[in-house]
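Residue-level structural notes
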Amino acid sequence: MEIIVCPTPEEVGRRAADSVLAALPDDRDPVLGLATGSSPLGLYRELGRAVSEGRADFSSAYGFALDEYVGLPPGHPQGYHQVLLREVSETVGLPPDRLNVPDGSGRTLAELTAGARAYEERIRTVGGVDVQILGIGANGHLGFNEPGSALTSRTRVKRLAARTRTDNARFFETIEDVPTHCVTQGLGTILDARRLVLVATGSAKAHAIAAAAEGPLTASVPASILQWHADTVLVLDEDAAQLLT
Ligand code: F6R
């Protein structure tokens, strides 16, 4: 595991973008795994800068979101499809028809599960994810794989932890508006990506980062699977890194 500690959040975005760009193939269409949330925004801005400076081109790339809420109305501004259209497609020029997001619109568990299987198949069809961009939850979640998630899990329906709903309430009017369930790539799905680049800033992430990077490999800290991957890069600011030994 490579751990890069940066003096400023801006530098975190730059170094993380460098790690992403270095892992993209130039002989076939690149495949990006995309996290939502605050952590990767600086990274997405830096990828946009690389495009405007002619150092990168995502016009033939595919994007695959890590997760999506279940039950939001189509086009809801906080649905991750809309978020990634705004924050990634528009910023880096990834064509909207190449942006894939798990289908959270199923009305039954069977429909949602069929959509989750189709999503896994779609990732396989394009040759797998080259670089998976990740944030980390304060409880150690990865994607929406909350503590207790199976280490080999695939894309599936999950219930959101109370802590995650509280953390994400800032994007909704009230906490009651935060969905209770999601469809998320599994930890096994994430581990299949050829490189993992995780971005974390701020002291609220310090415990999760220390447990993920230096604690035991355990379903209680889903992000501890990062230790199991041969090409993981953590890009942190000093606050997020403060509990590392
Ligand atoms: C969302 C996701 C989550 C976030 C995590 C951190 O797609 O994958 O695991 O990365 O909740 O969120 P922020 O970056 O907002 O602190």
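Reference entry: report on the structure contained in this document. (Residues numbered from 1 in each chain as written. Predicted model: local features only at pLDDT ≥ 70, side-chain atom pairs only at ≥ 80, totals over all residues.)

1. Section: the sheet that holds strand β7 (residues 156-159)
The condition is simple: Criterion used throughout: strands pair if DSSP finds at least two bridges between them. Comment: elements are numbered from the N terminus, with helices defined as DSSP H or I runs of at least four residues and strands as E runs of at least two. Every axis in this analysis is a line fitted to C-alpha atoms, fitted for helices over the stretch in contact. Angles between the N-to-C directions lie between 0 and 180 degrees. We call two residues in contact when the distance between their C-beta atoms, placed using the backbone, is within 7 Å.
Reading across the sheet, the 3 strands line up as β4-β8-β7 and stay open at both edges, with antiparallel pairing between neighbours. Because the sheet does not close on itself, it has two edges, and the strands there are β4 (67-69) and β7. In this sheet, neighbouring strand axes are inclined to one another by 30° on average, regardless of whether the strands run parallel or antiparallel. Sheet topology places β7 next to strand β8 (residues 181-184); 4 bridges connect them, and they run antiparallel. Looking across to β8, one finds that valine 157 is bridged to valine 183. Seen against the sheet, helix α4 (residues 109-125) touches β7 and β8 and runs at an angle of roughly 125° to β7.

2. Let's talk about the site of the ligand
Rules: Nearness here is judged by the C-beta atom: place it from the backbone, and if it falls within 6 Å of a molecule or strand, the residue counts as near that partner. Residues are grouped as follows: Ala, Val, Leu, Ile, Met, Phe, Trp, Tyr, Cys and Pro are nonpolar; Asp, Glu, Lys and Arg are charged; all remaining types, including Gly, are polar.
Near the ligand there are 13 residues, and of these Thr36, Gly37, Ser38, Ser39 and Gly135 occur at the shortest range. Its residues assigned to classes, the shell around the ligand comprises 4 nonpolar, 8 polar and 1 charged.

3. A closer look at the environment of glutamine 82
One can find glutamine 82 in helix α3 (residues 80-93). Here the alpha-carbon distance between glutamine 82 and threonine 8, two residues 74 residues apart in the chain, equals 29 Å.

4. Here we look at the pairing of β8
Pairing of β4 with β8 involves 3 bridges; the strand directions are antiparallel. Among the inter-strand pairings, glutamate 68 is bridged to a residue of β8, identified as valine 183.

5. Concerning helix α2 (residues 41-52)
Test applied: For a helix, the expected span equals 1.5 Å multiplied by the number of residues minus one. Residues with at least 20 other C-beta atoms within 10 Å of their own are called buried, those with 12 or fewer are called exposed, and the rest are partly exposed. The C-beta atoms themselves are positioned from the backbone.
Under the 1.5 Å per step criterion, the end-to-end length of α2 is 17 Å for 12 residues, consistent within 8% with the ideal 16 Å. Every buried residue of α2 is accounted for by Gly42, Leu43, Tyr44, Glu46 and Leu47. Turning to α2, the residues buried within the fold contact α1 (9-22), α3, β6 (131-134) and β9 (195-200). Two residues or fewer past α2, glycine 54 is found with a positive phi of approximately 80°.

6. Overview of the environment of valine 51
Examined against the element boundaries, valine 51 turns out to sit in helix α2. If we ignore the near neighbours within four places in the chain, the residues touching valine 51 are Ala56, Asp57, Phe58, Val92 and Gly93.

7. Some thoughts on the packing of α1 against α2
As a reminder, the rule being used: In what follows, roughly perpendicular refers to angles from 65 to 115 degrees, roughly parallel to angles under 35, roughly antiparallel to angles over 145, and oblique to any angle outside these ranges. Should the near helix be turned anticlockwise from the far one by less than a right angle, the crossing is termed left-handed; should it be turned clockwise, right-handed.
As a packed pair, α1 and α2 sit with axes 8 Å apart at the nearest point and diverge in direction by 60°. With respect to α2, the element α1 is oriented oblique. As α1 packs across α2, the resulting crossing turns out to be right-handed. Of α2, the residues touching α1 (which contributes Pro9, Glu10, Val12, Gly13, Arg14, Ala16, Ala17, Val20 and Leu21) are Gly42, Leu43, Arg45, Glu46, Leu47 and Ala50. Looking at side-chain class alone, the contact of α1 with α2 contains 9 nonpolar, 2 polar and 4 charged residues.

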